[in-house]
Structure formats: C-alpha cells, structure tokens
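Observations on the model geometry
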Amino acid sequence: MNTIRTDKAPAAIGPYSQGVVVNGLLFASGQIALDPQSGELVGATVQEQAEQVMRNVCGLLEASGTDFDHVVKTTCFLADIDDFAAFNEVYARSFGESLPARSAVGVAALPKGALVEVEVVAAVPATPRRD
C-alpha cells in the first residue's frame, strides 16, 4: 500500500490519508472545496466549490501518477440535492468524454459547511505518466 501525500490537495482534517494506492487503484478520500495552502473553504456557490473540489481531485490524481481519464468510480455528496444540475456542469467539464461510474446523493451536512464533496477511485497505470 502506498499512501499519497501532496500539497496540491488539502491536508487531511482528521485521522485519514489523502489517498492510498493498492493493487493499481487509487482510493482518494473525499475532497471538499478547501484551498490546499490556507485550509479555508473556497466559494459561496456549488459551482465555485465544485471547481475547487475538482482542482483538489486533480492534485491527488497527479500525485498518484494518474488523471481524470483513469477515474473509474466517483461518489458525490451534495448538501442540497437541488444543486444537482449546477454541480453536473462543473463535473462534466472535468471529466470530458471519460465519464466514470458515479453515485450522487444529497446529505444533511458536509464538513466545514461545504456544499459538495467528491471521492474517486482511479486506475493507476503501471507506467507512470510523463508530463
């Protein structure tokens, strides 16, 4: 098991890892719209927060040697399920044509008052990406 640590995503705010890679799969902890440097919540709307969430997810994917094209499953949590369509606009831009399997649920509350949280499972290629 390889534990992922990167400053391109927020540090864990509890007793968990940002992500772990096991048997060629990244299991990333859920990301909310925290700025990785300040630790403060970014954005007042679900779209603004979703943009930051996807930047955080991207940071974890890059630190693991993978990318959005290799994400196989996401779980999306929305503090208000009525934000589903607005969230989908940002989500779809992040993934483009490579849409993974997904669950999306409305929840009563998220950490730090966030409006959205996304966790991913991604394949990590045997040959690391070269950017």
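Structure first, text after, so check above.
Described below are features of the structure shown in this document.

Each value, and the rule that gives it
Residues numbered from 1 in each chain as written. Predicted model: local features only at pLDDT ≥ 70, side-chain atom pairs only at ≥ 80, totals over all residues. Heavy atoms only, no water. Helix = DSSP H or I, 4+ residues; strand = E, 2+ residues; numbered from the N terminus. Rg over C-alpha atoms; globule rule 2.2 N^0.38 Å. Buried < 20%, exposed > 50% of the residue type's maximum accessible area, 1.4 Å probe, protein only. Areas by Shrake-Rupley, 256 points an atom, 1.4 Å probe, with all protein chains shown as cover. Expected span 1.5 Å × (residues − 1). 1 Å grid on protein atoms, 1.4 Å probe; cavity = no way out; pocket = protein on both sides within 12 Å on 5 of 7 lines; lining within 4 Å. Points joined across faces, edges and corners; volume = space filled by probe spheres on them. Nonpolar A, V, L, I, M, F, W, Y, C, P; charged D, E, K, R; others polar. Salt bridge = Lys/Arg side-chain N within 4 Å of Asp/Glu carboxyl O. Core = buried A, V, L, I, M, F, W, Y, C linked by side-chain atoms within 4.5 Å. Contact = heavy atoms within 4.5 Å. Patch = residues over 30% accessible without salt bridge, like charges linked within 9 Å, V, L, I, M, F, W, Y side chains within 5 Å.

Considerations on the overall build of the protein chain
When helices and strands are counted, the protein chain shows two helices and six strands. For the protein chain, the sequential pattern of α-helices and β-strands runs β-β-β-α-β-α-β-β. In terms of overall size, the protein chain behaves like a compact globule, its C-alpha atoms giving a radius of gyration of 14 Å where 131 residues would be expected to give roughly 14 Å. Dimensions along the principal axes, computed over C-alpha positions, put the protein chain at roughly 40 × 30 × 25 Å. For the protein chain, the proportion of its 131 residues judged to be buried stands at 39%. Counting every atom, the protein chain has about 6800 Å² of accessible surface; 53% of that belongs to carbon and sulfur.

Some thoughts on helix α1 (residues 46-63)
The first and last C-alpha atoms of α1 sit 25 Å apart over 18 residues, in line with the 26 Å expected at 1.5 Å per residue. What α1 keeps buried is the set V46, Q49, A50, Q52, V53, M54, N56, V57, G59, L60 and L61. Taken from the residues just after α1, G65 is the one with a positive phi, measuring 85°.

Looking at the environment of G106
Looking at the secondary structure, you find G106 in strand β5 (residues 101-106). Accessibility expressed as a relative area gives 47% for G106, which makes it partly exposed. Considered as a pair, G106 and S29 are 77 residues apart in the sequence and their alpha carbons are 18 Å apart.

Focus: the layout of surface pockets
Of the pockets and cavities examined, the largest pocket occupies roughly 170 Å³. Residue lining of the largest pocket: 13 residues in total, with I13, Y16, G30, Q31 and I32 positioned closest to the centre. When grouped by side-chain class, the residues that make up the lining of the largest pocket number eight nonpolar, four polar and one charged.

Side note on the pattern of salt bridges
Across all of its chains, the model carries two salt bridges by this definition. Between K8 and E62 there is a salt bridge; the shortest N-O distance is 3.4 Å. Residue K8 is located in the loop between β1 (2-4) and β2 (19-22), and its partner E62 is located in helix α1; the two are separated by 54 residues in the primary sequence. For E62, a relative accessible area of 35% gives the class partly exposed. R93 is the partner of E51 in a salt bridge, and the nearest nitrogen-oxygen pair spans 2.3 Å.

A few points about the nonpolar core
Of all hydrophobic cores here, the largest spans 27 residues; its most connected members are L26, M54, L61, F87, V116, V118 and V120. Residue assignment for this core shows that the elements contributing at least two residues are β3 (25-28), α1, β4 (71-78), α2 (84-95) and β6 (116-123). Ranked by residues supplied to this core, first place goes to α1 with seven residues. With near-sequence residues (within four places) excluded, L61 lies in contact with L26, T66, D67, F68, V71, V120 and A122. Among the nonpolar cores identified, the runner-up in size contains five residues, and L34, F77, L110 and A114 belong to it.

Some points on a nonpolar patch on the surface
Together, M1, V22 and F27 make up an exposed nonpolar region whose accessible area comes to about 320 Å². Here V22 lies in strand β2.

Read these as spatial facts, not as claims about activity.
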